[in-house]
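# An overview of the molecular structure
Here's the letter readout for the chains.
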Amino acid sequence: MADSQDVNLTAPAFMQGGGAMGAAMRALDWTTTPLGPPDGWPQSLRSLVGLMLASPQPMFMAWGEDRTWLYNDAFTPILGLKHPRALGAPSRVVWAEAWDNLEPLFDQVFDGEGVHMDDFGLDLDRQGVLEEAHFAFSYNPARDETGAVAGLFGVCTETTKQIVAMRRLDEERNQFAQLFEQAPTFMAMLRASDYRIEFANPGYLRLVGHRDVIGKTIAEALPDAVEQGYLQILDAVRDTGEPFIATGRLYAMQATPGGPSVDRYLDFVYQPITDSSGKVVSIFVEGADVTERSKVEARQATLLDLADALRNLRDPDEIAYVAATILGTALGVSRVGYGVIDTVADTVTIDRDWNAPGVASLAGVLQFRDYGSYIENLKRGETVAIDDAYLDPRTSGTADALKAISAQAFINMPLVEQGRFVALLYANHAEARIWTESDLLLMREVADRVRVATERARAESALQQLNETLEQQVAARTKELMVTEEALRQSQKMEAVGQLTGGIAHDFNNLLAGISGSLEFLERRIGEGRLAGLERYLGAAQTSTRRAAALTQRLLAFSRRQTLDPRPTDVNRLISGMEDLLRRTVGPSVEVEVVHAGGLWPTRVDASQLENALLNLCINARDAMSPDGGRLTIETANKWLDERSARERELPPGQYVSLCVTDTGAGMTPEVIGRAFDPFFTTKPIGQGTGLGLSMIYGFVRQSGGQVRIYSELGHGTTMCIYLPRHQGDVEDEVEAPGGAAIDGGDGQTVLVIDDEPTIRMLIVEVLEEHGYVPMQAADGPAGLRLLQSDARIDLLITDVGLPGGLNGRQVADAARQTRPDLKVLFITGYAENAVVGNGHLDPGMEVITKPFVISDLASKIRELIDS
């Protein structure tokens, strides 16, 4: 049974149901419309209304002279905001904005002729603004009982979205087509099944020599590409689905089989196009012709090779042959050579030429007119470039003769001196070849360079002959001066070495005297049984030993042979520790004054590097005051740098420690100051300076976050200042470990000692036994490794780094850890082996102790490693 809301018992039966529009029709007061009450509507109208309301298809009617508008539910979205007031209104009111377009169609239907359109466009006001709309519709005449046309019955579908989408698609296609046609690169689309060229843009057609390729396979259209392996590349792209990208790949384009080829260099991509299943159905080709770029690069490389080859040549004939070899290889031709011209006899004389394998030389005399009439062009200074002798009118009659000498294609470039044609540079090729502007440019540049090199060689030869006697005298005198200079340089070098070794020997002799004397007294007192006071001599010997070790470490730091790291440093203390060394270094003629700032801030710096820098600055100051000497002042200070001061020194604002060295020497010019930190720049005589000292100081200070500045004036001396950032922390005091401190002993653990020095090995074994360990010994790497690879228990390995026998200590340790991964290792090192043990970067369970070492320090290290 129908819903009571959908049934109006007073409405005509044809209006019953019909959804929302049926209800709207039943609710409308039709007496206010030209149609009048529904009871009076003709049966034809009633039937059509019933049909319309029941249809799911958008339908409408325009009835009577006013063409009153009726429609069903499916049509309401088309009306937009016109619904529901459009129901019962005249058509001209409903569609007022488009009536000029619709009225003719309505008139045609009311005249009895139906109208059908698949796409009809209008601008309609359905949402308060005019918008483009498209429809597919059929307008048919609706006749009353008399057979007269009483109305219009329409079936309509809106197609706006489809039409707009199609239009956009067409626009995109047109844009793509324009892009494809106008693109500066070459493009083509290949069908993957047989590599048929479906379409190609002008750039691609230009690349392949404007051949007819559309609709043809690569094999049919481009046999030259097939011969060069491009089909195999396409096979790989199709089979793998992976793109192929090439850069600067050669394509020798040969438009006609057997004809001349043109080398093209290409950057391109073969991009596979797949369908929804992932199958490659097409291959898109896109790329750029980079021939000119490649030729420019090749030309530049050739000219660089030529310059290198000609640099040391002095023989004009050798210059010409070397140039011909390089040019022939670069051009890939059959022959290149030079010839001397006789313009009266029209001949060229060739002494020597470069020839590709299998090509005969043209050395000898050739008559130009035996090979064509182009001699007239050469006499006018014109370069002759013939791609194919059979096709050029100047050579067509003599082409067979040219072919016989491997010159079917050739370039003849005249060399002119003072307006006269005197020589010829030529390039021959056995087959037809298209000569490019790049080929001609390369030949021209080679000819220019060869002419310059030849003229230089001839000028040098002439000058050498002219001044042969003078040169002999100069050579003898120069040799004498060089011998004298070398003797002076050697003397200066030996003097510098003598000063250094003398100072070191002085210090070490003092230390050795202390050690030797103390041991001698110990021996005498023990022999006499006088044991009281022996600790005084032991202490003296140990103090001298420690001082010797400190001196060694300082020397190693200066030579950059040990691993150094930044630590909080008291610069005043550092200077004090170096003061004696500095005074001895600058010598007695230089008065040294040290000014320590009170309350000097600490700085975090590599102390050894700073010592090295200070020593370098003092040596430079000494040399600047040589030979008369002067005053050298070393001064420290705390510095607050504000924005302006920091900017002048190229530093961030903040707190800094300054270390300045001032001399009373000759000073520097602004030019010298500007270059002072340049590597290898020095103002010292040859043999007295490398020019690396200040540059090394500058690099070290900058890496430490600081800066170096020079303040100098000619005649008023120089001040070199190092600025280092303040360290916000304390400096740890240097406390010497007490030599006799008690150390916990071992519990019978086994320790292997490897050292080639018997004395050191004996001392280490003594320490081990004294502290309750079981020692094992080996004198070299292989012997130690054999013990490590045995089944013996070994808890700790102590090994010197520098060992004989082909295995150093690190190699022994690494090999041992292959079978004993938890083996603990203590390396003993001197100076040069630091790189072997990793410059401080050791694996877990590895430690290093440096020679010479304190026995108690060794025992502590052993205990720490055993317990770790």
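A few points on the structure. What you are looking at is a predicted structure, and each value in this text was computed from that prediction instead of being measured.

## A look at the packing of aromatic side chains
Given two aromatic rings, one states the distance between the centres and the angle between the planes to describe the pair. Considering all chains together, one arrives at 21 aromatic pairs under this definition. Plain terms: the ring middles of Phe120 and Phe137 are 5.5 Å apart, the flat faces sit at 85° to each other, and that makes the pair edge-to-face. In this pair, Phe120 sits in strand 3 (residues 115-125) while Phe137 sits in strand 4 (residues 130-143), placing the two residues 17 residues apart along the sequence. For Phe120, a relative accessible area of 12% translates into the label buried. With relative accessibility at 3%, the residue Phe137 sits in the buried group. Among the aromatic residues, those joined into a ring-pair cluster are Phe60, Trp69, Tyr71, Phe75, Trp95, Trp99, Phe106, Phe120, Phe137 and Tyr139. The side chain of Arg249 reaches across the aromatic face of Tyr230, ending 5.0 Å from its centre.

## So, the sheet that holds strand 10 (residues 280-289)
Across the sheet, 5 strands lie side by side as 7-6-10-9-8; this open sheet has antiparallel pairing. Each having just a single partner strand, strand 7 (196-200) and strand 8 (244-253) make up the two edges of the open sheet. Across the sheet, the axes of successive neighbouring strands diverge by a mean angle of 30°, strand direction being ignored. Relative to strand 10, strand 6 (residues 186-191) runs antiparallel, the two sharing 6 bridges. By the bridge assignment, Ala188 is partnered in strand 10 with Val285. Seen against the sheet, helix 11 (residues 291-310) touches strand 8, strand 9 (262-274) and strand 10 and runs at an angle of roughly 130° to strand 9.

## A look at the sheet that holds strand 3
Ordered by their spatial adjacency, 5 strands build an open sheet running 2-1-5-4-3, and the pairing between neighbours is antiparallel. The open sheet has two edge strands, strand 2 (68-71) and strand 3, and neither has a second partner. Pairs of neighbouring strands in the sheet enclose a mean axial angle of 30°, with direction left out of account. Bridge analysis of strand 1 (residues 59-63) against strand 5 (residues 149-158) gives 5 bridges, and the strand direction is antiparallel. Bridge pairing links Trp63 to Gly151 in strand 5. In this fold helix 2 (residues 43-54) packs onto strand 1, strand 2, strand 4 and strand 5, with an angle of close to 160° to the strand it touches most, strand 1. Each of strand 1, strand 2, strand 3, strand 4 and strand 5 is contacted by helix 5 (residues 99-110), which is oriented at about 145° to strand 3, the strand it contacts most.

## Concerning the state of the cysteines
For the structure shown, the criterion picks out 1 disulfide. Two residues, Cys660 and Cys721, share a disulfide whose sulfurs are 2.0 Å apart. Between Cys660 and Cys721, the S-S torsion sits near 110°, and that sign places the bridge as right-handed. Highlighted residues: Cys660 in strand 22 (residues 654-663) and Cys721 in strand 24 (residues 718-725), separated in sequence by 61 residues. Across this residue pair, the class does not change: Cys660 and Cys721 are buried.

## Focus on a nonpolar patch on the surface
The grouping of Phe176, Leu179 and Phe199 at the surface amounts to a nonpolar patch, some 280 Å² of accessible area in total. Counting through the fold element by element, Phe199 comes out in strand 7.

## Things to note about the packing of helix 23 (residues 758-770) against helix 26 (residues 855-867)
At their nearest, the axes of helix 23 and helix 26 sit 11 Å apart, and the two run at 60° to each other. If you check the angle between helix 23 and helix 26, you find them oblique. Considering only the axes of helix 23 and helix 26, their crossing is right-handed. Residues Ile764, Val767 and Leu768 of helix 23 touch helix 26, and the partners they reach there are Ile855, Leu858, Ala859 and Ile862. Across the contact of helix 23 with helix 26, the residue classes tally to 7 nonpolar, no polar and no charged.

## Some thoughts on helix 23
Its 13 residues give helix 23 an end-to-end C-alpha distance of 18 Å, which sits within 8% of 18 Å, the value for a rise of 1.5 Å per residue. Listed as buried for helix 23 are Arg761, Ile764, Val765, Val767 and Leu768. All buried residues of helix 23 lie within an arc of 160° about the axis, which places them on one face of the element. Along its buried surface, helix 23 packs onto strand 25 (750-754), strand 26 (774-778), strand 27 (796-800), strand 28 (824-829) and helix 26. Count one or two residues on from helix 23 and you reach Gly772, which has phi positive near 90°.

Reading the values: rules and limits
- Starting from 1, residues in each chain are numbered consecutively following that chain's sequence as written.
- Only residues with pLDDT of 70 or above have their local features reported here, since the model is predicted, and side-chain atom pairs are shown and tallied only from 80 upward, although totals for entire chains, interfaces and linings are computed over all residues.
- Calculated side-chain values reflect all of the structure's heavy atoms, with hydrogen atoms and water omitted.
- Side-chain rings of Phe, Tyr and Trp (the six-membered ring for Trp) are treated as a pair once their centres are within 6.5 Å; stacked means planes under 30 degrees apart, edge-to-face means over 60, and tilted covers the remaining angles.
- Going along the chain from the N terminus, every DSSP run of H or I of four or more residues is numbered as a helix, and every run of E of two or more is numbered as a strand.
- Burial classification: accessible surface area is computed with a 1.4 Å probe over protein chains only, and a residue below 20% of its type maximum counts as buried, one above 50% as exposed, and the rest as partly exposed.
- Here, a charge over a ring is recorded when the distance from Lys NZ or Arg CZ to the ring centre is within 6 Å and its angle to the ring normal is within 35 degrees.
- When DSSP finds two or more bridges between a pair of strands, those strands are recorded as paired.
- Axis lines are fitted to C-alpha atoms, over the contacting stretch for helices. Their N-to-C directions set the angle, which ranges from 0 to 180 degrees.
- Throughout, a contact is declared for two residues whenever any of their heavy atoms are within 4.5 Å.
- Here, a disulfide means two cysteine sulfur atoms that sit within 2.5 Å of each other.
- Patch definition: residues above 30% relative accessible area lacking any salt bridge, with like charges linked at up to 9 Å and the nonpolar side chains Val, Leu, Ile, Met, Phe, Trp and Tyr linked at up to 5 Å.
- Residue burial considers only the protein chains on display, and all accessible areas are found by Shrake-Rupley using a 1.4 Å probe.
- Any Lys or Arg side-chain nitrogen located within 4 Å of an Asp or Glu carboxyl oxygen qualifies as a salt bridge.
- In this scheme, roughly parallel covers angles under 35 degrees and roughly antiparallel covers those over 145, while 65 to 115 is roughly perpendicular and the rest are oblique.
- Here a crossing is taken to be left-handed if its near helix is turned anticlockwise relative to the far helix by less than a right angle, and right-handed if that turn runs clockwise.
- Just so you know the grouping, Ala, Val, Leu, Ile, Met, Phe, Trp, Tyr, Cys and Pro go in nonpolar, Asp, Glu, Lys and Arg go in charged, and all remaining residues, Gly too, go in polar.
- A helix is expected to reach a length of 1.5 Å times the quantity of its residues less one.
- Comment: arc refers to directions from the helix axis out to C-beta atoms.

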